[in-house]
Amino acid sequence: DTGVSQDPRHKITKRGQNVTFRCDPISEHNRLYWYRQTLGQGPEFLTYFQNEAQLEKSRLLSDRFSAERPKGSFSTLEIQRTEQGDSAMYLCASSGGVGETQYFGPGTRLLVL
Amino acid sequence: GDSVTQMEGPVTLSEEAFLTINCTYTATGYPSLFWYVQYPGEGLQLLLKATKADDKGSNKGFEATYRKETTSFHLEKGSVQVSDSAVYFCALSVGSGYSTLTFGKGTMLLVSP
């Protein structure tokens, strides 16, 4: 397995548009996390899945954000009616097995104009 | 709540110099501690970790010791290389099973030849 992958790597959109990002975790990992990283800051937790169940959501995840993991494999993060403040790097991580170390993907960089 | 404080960067060093990046934490429970590294244009990579007091994590010449009495997890390397130039993040997680990561703001390291 080549690790966690994310698609697209970059996304430029206009304010008010909807965007969707995809994350493919390491295949044997049952836990999946989404984080957001703004310029000059560390990543901040958004939401967590165990298999297909979304078990925790941060207060950062407003009603415009929705995440799914329909079959317990890949996950999608959708942002509706994007705002300029949504511009950030969106990171996905997965973990599983002994130690529960989280392994991160390369991220999707979103720019809202 | 849980938090991580790192020294501000950038840290600018010449090749073969000694590196220390300070990290202190506040946690409601008994955390595991991590250092992640982010190279330009790439995602976060786990550098090292420690799960209990007095443990020393080490990898690629980097070391950090979990100091419960000073709530610290400082990153050190005896001789840095140009290829070590990156942003370094200190992070913690609390709890067993799944647990989200709380990150510091990151410290940029620039190593010149």
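All values reported here derive from a predicted model rather than from experimental measurement.

Within chain B, the secondary structure is distributed over zero helices and twelve strands. For chain B, the C-alpha radius of gyration of 14 Å lies close to 13 Å, the compact-globule estimate for 113 residues. The C-alpha extent of chain B, read off along each of the three principal axes, is 40 × 30 × 20 Å. The burial tally for chain B puts 45% of its 113 residues in the buried class. A sequence separation of at least 24 residues applies to 56% of the contacts in chain B between residues at least 6 apart. For chain B, the accessible area works out to roughly 5300 Å², and carbon and sulfur atoms hold 49% of it.

All right, on to unusual backbone geometry then. P8 of chain A follows D7 of chain A through a cis peptide bond whose omega is -5°. Along the polypeptide, P8 of chain A turns up in the loop between β1 (5-7) and β2 (10-13). Its identity as a non-glycine residue notwithstanding, N51 of chain A has a phi of 55°, on the positive side. Along the chain, the position of N51 of chain A falls in the loop between β5 (44-50) and β6 (53-57). Its identity is not glycine, yet K60 of chain B carries a phi of approximately 55°, on the positive side. Locating K60 of chain B in the fold gives a position in the loop between β7 (56-59) and β8 (62-65).

What follows concerns the state of the cysteines. In total, this model carries two disulfides over all chains according to the counting rule given. The disulfide that involves C23 of chain A links it to C92 of chain A, with 1.8 Å between the sulfurs. What sets the handedness of the C23 of chain A and C92 of chain A disulfide is the S-S torsion sign, and at about -65° it is left-handed. Here C23 of chain A, found in strand β3 (residues 19-24), pairs with C92 of chain A, found in strand β9 (residues 88-95); they are 69 residues apart in sequence, far enough to count as distant. Here C23 of chain B is linked by a disulfide to C90 of chain B, with a sulfur-sulfur distance of 2.0 Å. Measuring the twist about the S-S bond at about -70°, one finds the C23 of chain B-C90 of chain B disulfide to be left-handed. Of the two residues, C23 of chain B is situated in strand β4 (residues 23-26) and C90 of chain B in strand β10 (residues 86-94); the sequence distance between them amounts to 67 residues.

All names here are of chain A. Summed over the entire model, instances satisfying the criterion amount to six salt bridges over all chains. The partner of D24 in a salt bridge is R22, with the nearest N and O atoms 2.7 Å apart. According to the relative accessible area criterion, D24 is partly exposed, its value standing at 24%. Judged by its relative accessible area of 34%, R22 is partly exposed.

All right, on to a nonpolar patch on the surface then. Residues and elements named next belong to chain A. Taken together, the side chains of I12, L111 and L113 make up a nonpolar region of the molecular surface, amounting to roughly 300 Å² of accessible area. Positionally, I12 belongs in strand β2. On the accessibility criterion, I12 (59% relative accessible area) is exposed.

What follows is about the nonpolar core. Residues L19, W35, L47, L48, F73, L75 and Y88 of chain B are the most contacted members of the largest nonpolar core, which totals 26 residues. Of all the secondary-structure elements, those providing two or more residues to this core are β2 (11-14), β3 (19-21), β4, β5 (31-38), β6 (44-50), β8, β10 and β12 (107-112) of chain B. At four residues, the largest contribution of residues to this core is made by β10 of chain B. If we skip the residues at most four places from it in the chain, L19 of chain B touches V11, L13, F62, L75, E76, K77, V80 and L109 of chain B. Counting residues in each nonpolar core, the second largest holds 19 residues, with V4, F21, F49 and I79 of chain A among its members.

Glancing now at the packing of aromatic side chains. Summed over the entire model, instances satisfying the criterion amount to 15 aromatic pairs over all chains. Where Y33 of chain A meets Y48 of chain A, the ring centres are 5.0 Å apart and the plane angle is 40°; that geometry is what we call tilted. Here Y33 of chain A is found in strand β4 (residues 31-37), whereas its partner Y48 of chain A is found in strand β5, with 15 residues between them in sequence. Both residues of the pair, Y33 of chain A and Y48 of chain A, belong to the buried class. Taking 5.6 Å as the distance between ring centres and 40° as the angle between the ring planes, the aromatic pair formed by F62 of chain B and Y88 of chain B counts as tilted. Of the two residues, F62 of chain B sits in strand β8 while Y88 of chain B sits in strand β10, which places them 26 residues apart along the sequence. With a relative accessible area of 2%, F62 of chain B lands in the buried category.

What counts and how
- Residues numbered from 1 in each chain as written.
- Chains lettered and ligands numbered in written order.
- Predicted model: local features only at pLDDT ≥ 70, side-chain atom pairs only at ≥ 80, totals over all residues.
- Heavy atoms only, no water.
- Helix = DSSP H or I, 4+ residues; strand = E, 2+ residues; numbered from the N terminus.
- Rg over C-alpha atoms; globule rule 2.2 N^0.38 Å.
- Buried < 20%, exposed > 50% of the residue type's maximum accessible area, 1.4 Å probe, protein only.
- Contact = heavy atoms within 4.5 Å.
- Areas by Shrake-Rupley, 256 points an atom, 1.4 Å probe, with all protein chains shown as cover.
- Disulfide = S-S within 2.5 Å.
- Salt bridge = Lys/Arg side-chain N within 4 Å of Asp/Glu carboxyl O.
- Patch = residues over 30% accessible without salt bridge, like charges linked within 9 Å, V, L, I, M, F, W, Y side chains within 5 Å.
- Core = buried A, V, L, I, M, F, W, Y, C linked by side-chain atoms within 4.5 Å.
- Phe/Tyr/Trp six-rings, centres within 6.5 Å; stacked < 30°, edge-to-face > 60°.

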